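Here is how the chains run, residue by residue.
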2 protein chains.
Amino acid sequence: MKIIEAKTAPNARRVRMFLAEKNLLNTVTFEQVDIQAGANLSPEYRKKNITTKVPVLELDGGECIGESVAICRYFEALNPEPSLMGKTPFEQASIEMWQRRAEFHLMLPVGMCFQHTTGYFKDRMLPVPAYGEECGREALRFMGLLDEHLATSQFLAGESFSIADITALCAIDFARVVKLRMADEWVHLKRWHGDVSARPSAAV
Amino acid sequence: MKIIEAKTAPNARRVRMFLAEKNLLNTVTFEQVDIQAGANLSPEYRKKNITTKVPVLELDGGECIGESVAICRYFEALNPEPSLMGKTPFEQASIEMWQRRAEFHLMLPVGMCFQHTTGYFKDRMLPVPAYGEECGREALRFMGLLDEHLATSQFLAGESFSIADITALCAIDFARVVKLRMADEWVHLKRWHGDVSARPSAAV
């Protein structure tokens with residue numbers, strides 16, 4: 001199996017961290033694609049992932065799976081232990097809820113803030129700086145909400161580390177690129193960030 | 001079990017359609033919340049769903065699950081037949097991939113086009129019309145991509161109807177509110193739209 005990724009992209013880090021938590025990193029080879037140069041826009045890459053996004057998982061039979069969470073889902077189904085997406089119906093739903101909250105209110109706005117305020121992909125999209133700035137404020141609002149939530153919860157989805165924590169960590173760390181940082185008074189969020197950053201998987 | 005929703009919201013329709021496909025609609029009661037009046041912003045509602053979004057599933061024990069796909073995940077885990085989120089690892093991943101593509105490139109941009117061009121929620125967010133218009137174009141681009149994909153695929157994720165089709169249908173139908181419509185030449189997308197719209201679940 002091969003993962004085609006851009007090493008510095010936050011979605012690529014999510015998948016690597018997920019695999020590291022399952023001790024599966026060495027079962028996959030990694031290949032880099034230069035997204036700033038637009039190598040992912042080639043017809044060959046588009047055959048692997050019609051949306052041209054990274055990362056993509058290419059199975060030995062040639063089938064491809066795009067979307068970071070879909071790639072994680074594949075590995076979770078094949079290797080259920082340790083569980084990062086939940087076992088009971090309630091755990092599965094609770095993790096999906098927090099994973100989606102972290103994705104829609106944090107990972108996505110941070111990415112939009114990056115794309116719309118830096119013009120990184122301005123050769124292939126129309127940056128709207130006013131929207132990028134609003135997204136930055138949205139990401140900070142959600143960090144404050146997470147701080148409130150983490151006052152009474154060890155991890156995002158309760159007492160077990162999950163894919164929701166991976167999404168939130170990768171988003172918060174990438175947010176530094178656009179100068180969005182956790183406020184000093186968010187002690188619960190900072191406690192969680194310290195705990196999660198100390199996991200060996202956070203360094204891969 | 002109770003679902004608190006806003007009947008006309010596309011995310012609420014997704015959940016109802018999912019339940020109808022599983023013949024579970026009559027196992028749940030529905031309660032309406034007036035989102036335009038901001039009833040979902042009350043402290044009571046926020047206790048049920050900290051992001052204040054609809055719908056939310058309230059279990060008999062009082063626990064709440066927000067996020068439409070997380071609610072669907074809960075019912076899928078409890079009632080695996082008929083499967084709408086896949087059985088084998090590859091099916092699960094493929095459905096998750098298409099569900100996410102439909103969500104990020106269609107449902108979300110349609111929603112952003114609605115919010116940023118109509119000012120529907122301008123009392124609680126800053127509309128950026130230029131961004132809303134770009135989102136409308138993004139949604140149309142993805143409809144064209146879906147047309148290409150559906151030339152060789154019966155449903156979004158292959159030969160079986162899935163949650164990905166529900167997301168895409170609800171997004172495309174809601175898009176009419178902001179005058180985004182399928183082009184006449186998208187015959188494959190229109191074939192699929194006709195097939196999926198004819199399912200009894202599409203009417204709930």
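Not measured: the values here are computed from a predicted model. (Residues numbered from 1 in each chain as written. Chains lettered and ligands numbered in written order. Predicted model: local features only at pLDDT ≥ 70, side-chain atom pairs only at ≥ 80, totals over all residues. Heavy atoms only, no water.)

K.L.:
What exactly am I supposed to notice about the nonpolar core here?
P.N.:
Side chains of a nonpolar character, in soluble globular proteins, are inclined to be buried together. Counting residues in each nonpolar core, the largest one holds 122 residues, and the members touching the most others are Leu106 and Trp192 of chain A together with Leu106 and Trp192 of chain B. When near neighbours in sequence (up to four residues on either side) are disregarded, Leu106 of chain A contacts Arg101, Ala139, Phe142, Met143, Leu146, Ala168, Ala171 and Ile172 of chain A. (Core = buried A, V, L, I, M, F, W, Y, C linked by side-chain atoms within 4.5 Å. Buried < 20%, exposed > 50% of the residue type's maximum accessible area, 1.4 Å probe, protein only. Contact = heavy atoms within 4.5 Å.)

K.L.:
Got a minute to help me understand the domain arrangement of chain A in this structure?
P.N.:
Accessible area lost during the coming together of the parts is what is often quoted as the interface size. Residues and elements named next belong to chain A. What the domain assignment lists for chain A is domain 1 (2–78) and domain 2 (89–203). Between domain 1 and domain 2, the C-alpha centre-to-centre distance is 21 Å. Counting residues at the interface gives 18 residues for domain 1, matched by 19 residues for domain 2. Approximately 1600 Å² of surface area, both sides summed, lies buried where domain 1 meets domain 2, with 59% of it carried by carbon and sulfur atoms. When the buried surface of domain 1 facing domain 2 is broken down by residue, Arg13, Arg14 and Met17 rank first, second and third, together holding 40% of it. Joining domain 1 to domain 2, the criterion identifies four salt bridges. Here Arg73 makes a salt bridge to Glu96, at a shortest N to O gap of 3.3 Å. Linking domain 1 with domain 2 are eleven residue pairs in polar contact (both at pLDDT 80 or more). (Domains from an automatic or database assignment. Buried area = accessible area lost by both parts, 1.4 Å probe. Salt bridge = Lys/Arg side-chain N within 4 Å of Asp/Glu carboxyl O. Polar contact = N/O pair within 3.5 Å; in protein donor to acceptor, adjacent residues only side chain to side chain.)

K.L.:
Help me out: how do you make sense of the interface of chain A and chain B in this one?
P.N.:
Listed per partner, the contact involves 43 residues of chain A and 43 residues of chain B. Carbon and sulfur atoms supply 68% of the area that chain A and chain B bury against each other, a total of about 3700 Å² over both sides. A per-residue breakdown of the area chain A buries against chain B is headed by Ile50, Arg100 and Tyr131 of chain A, which together make up 15% of the total. For the pair chain A and chain B, the number of links is eight salt bridges. Of the charged contacts in the structure, one is a salt bridge between Glu148 of chain A and Arg46 of chain B, with a shortest N-O distance of 3.0 Å. Across the contact surface, chain A and chain B share ten residue pairs in polar contact (both at pLDDT 80 or more). Elements with a contribution of two residues or more to the side of chain A that touches chain B: strand E4 (64–66), helix H3 (68–78), helix H4 (89–118) and helix H5 (129–150) of chain A. Looking at the side of chain A that touches chain B, the element that brings in the most residues is H4 of chain A, giving 16 residues. Residues that form the side of chain A that touches chain B fall into these classes: 22 nonpolar, eight polar and 13 charged. (Helix = DSSP H or I, 4+ residues; strand = E, 2+ residues; numbered from the N terminus. Nonpolar A, V, L, I, M, F, W, Y, C, P; charged D, E, K, R; others polar.)

K.L.:
Explanation requested: the sheet that holds strand E1 (residues 2–5) of chain A in the structure shown.
P.N.:
Adjacent strands of a sheet form backbone hydrogen bonds with each other and so pair up, either parallel or antiparallel. All names here are of chain A. Strand order in the open sheet formed by four strands is E2-E1-E3-E4, and the pairing between neighbours is mixed. The two strands at the open ends of the sheet, each matched to only one other strand, are strand E2 (29–32) and E4. Across the sheet, the axes of successive neighbouring strands diverge by a mean angle of 20°, strand direction being ignored. With four bridges joining them, E1 and E2 adopt parallel strand pairing. Within E2, the residue paired with Ile4 across the bridge is Glu31. Along the sheet face, H3 touches strand E3 (56–58) and E4 and points at about 125° away from the line of E4. (Pairing = 2+ DSSP bridges. Axes fitted to C-alpha atoms, helices over the stretch in contact; angles between N-to-C directions.)

K.L.:
Just to check I follow, could you spell out the relation of the copies chain A and chain B for this structure?
P.N.:
Relating the two copies of this chain is a rotation about some axis coupled with a shift parallel to it. After a rotation of 180° and a shift along the axis of 0.0 Å, chain A superposes on chain B with an RMSD of 0.0 Å. With respect to symmetry, the two chain copies, as superposed, fit the operation of a two-fold axis. Relative to the rotation axis, the closest C-alpha in chain A is found at Tyr131 of chain A, a distance of 3.3 Å. Comparing interface residues between copies, 100% of those in chain A also lie at the interface in chain B; the contact surface is shared. (Least-squares fit on C-alpha atoms with pLDDT ≥ 70 in both.)

K.L.:
Can you help me understand the UniProt feature "domain: GST N-terminal" (unreviewed entry) in chain A in this one?
P.N.:
Mapped onto the present numbering, the UniProt feature "domain: GST N-terminal" (unreviewed entry) falls on residues 1–83 of chain A. For residues 1–83 of chain A, the end-to-end C-alpha separation is 21 Å, with 35% helix and 17% strand making up the annotated structure. (UniProt positions renumbered as here; feature names shortened; annotations may be inferred.)

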